[in-house]
Amino acid sequence: MNYVDDAIPDKANAAIQVSVWANDPTTADTLAAQIEDAIRTASTIQGRPMAAAITTYEPDTKLCGSIQRFDIWAPR
């Protein structure tokens, strides 16, 4: 974020991706939902999902996953 008057902003922005892995898709989805809830309700940051979580599977490890990206604003 840049202001026209070159003032230093008091917040910084980041896009983060959270990936969770579990032995079954239900557990992965549950973990992902808990993380989303924690990010949305955190008092020290402003976070929102950029899209819904994506379910995935890793054949080499036989793990089920859930991947979600978030837009985070936090104090500098």
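Heads up: the structure comes first, above all this text.
Description of the structure in this document. (Residues numbered from 1 in each chain as written. Predicted model: local features only at pLDDT ≥ 70, side-chain atom pairs only at ≥ 80, totals over all residues. Heavy atoms only, no water.)

**Some remarks on empty space enclosed by the protein**
Right, so step 1: Counted by the stated rule, this structure contains one cavity of 30 Å³ or more.
Right, so step 2: Taken as a whole, the largest cavity holds about 40 Å³ of empty space.
Right, so step 3: Val18, Val20, Ala32, Ile35, Ser66, Ile67, Gln68 and Phe70 are the residues that line the largest cavity.
Right, so step 4: Within the residue set of the lining of the largest cavity, elements represented by two or more residues are β1 (11-22), α1 (25-41) and β4 (63-75).
Right, so step 5: Counting residues per element, the lining of the largest cavity draws most heavily on β4, which supplies four residues.
Right, so step 6: Looking at side-chain class alone, the lining of the largest cavity contains six nonpolar, two polar and no charged residues. (1 Å grid on protein atoms, 1.4 Å probe; cavity = no way out; pocket = protein on both sides within 12 Å on 5 of 7 lines; lining within 4 Å. Points joined across faces, edges and corners; volume = space filled by probe spheres on them. Helix = DSSP H or I, 4+ residues; strand = E, 2+ residues; numbered from the N terminus. Nonpolar A, V, L, I, M, F, W, Y, C, P; charged D, E, K, R; others polar.)

**Quick word on the nonpolar core**
It is characteristic of soluble globular proteins that their nonpolar side chains tend to be buried jointly.
Right, so step 1: Grouped together as the largest cluster of nonpolar side chains are eight residues: Val18, Val20, Ala22, Ala28, Ala32, Ile39, Phe70 and Ile72.
Right, so step 2: At the level of elements, β1, α1 and β4 are the ones that each hand at least two residues to this core.
Right, so step 3: Among residues more than four places away in sequence, those in contact with alanine 32 are Val20, Ser66 and Gln68. (Core = buried A, V, L, I, M, F, W, Y, C linked by side-chain atoms within 4.5 Å. Buried < 20%, exposed > 50% of the residue type's maximum accessible area, 1.4 Å probe, protein only. Contact = heavy atoms within 4.5 Å.)

**Re α1**
Right, so step 1: Look at α1: 24 Å from first C-alpha to last across 17 residues, which is about the 24 Å you get at 1.5 Å a residue.
Right, so step 2: Taken as a whole, α1 has its buried residues at Ala28, Ala32, Glu36 and Ile39. One face of α1 carries all of its buried residues, which in axial projection span an arc of 70°. Among the exposed residues of α1, those oriented more than 90 degrees off its buried face are Thr26 and Thr41.
Right, so step 3: Those residues of α1 that are buried are in contact with β1, β2 (46-49) and β4.
Right, so step 4: Between the side-chain oxygen at the start of α1 and the backbone nitrogen of threonine 26 there is a gap of 3.2 Å, and the oxygen is on aspartate 24. (Expected span 1.5 Å × (residues − 1). Arc of directions from axis to C-beta. Polar contact = N/O pair within 3.5 Å; in protein donor to acceptor, adjacent residues only side chain to side chain.)

Remember that the coordinates give geometry; whether it matters functionally is a separate question.
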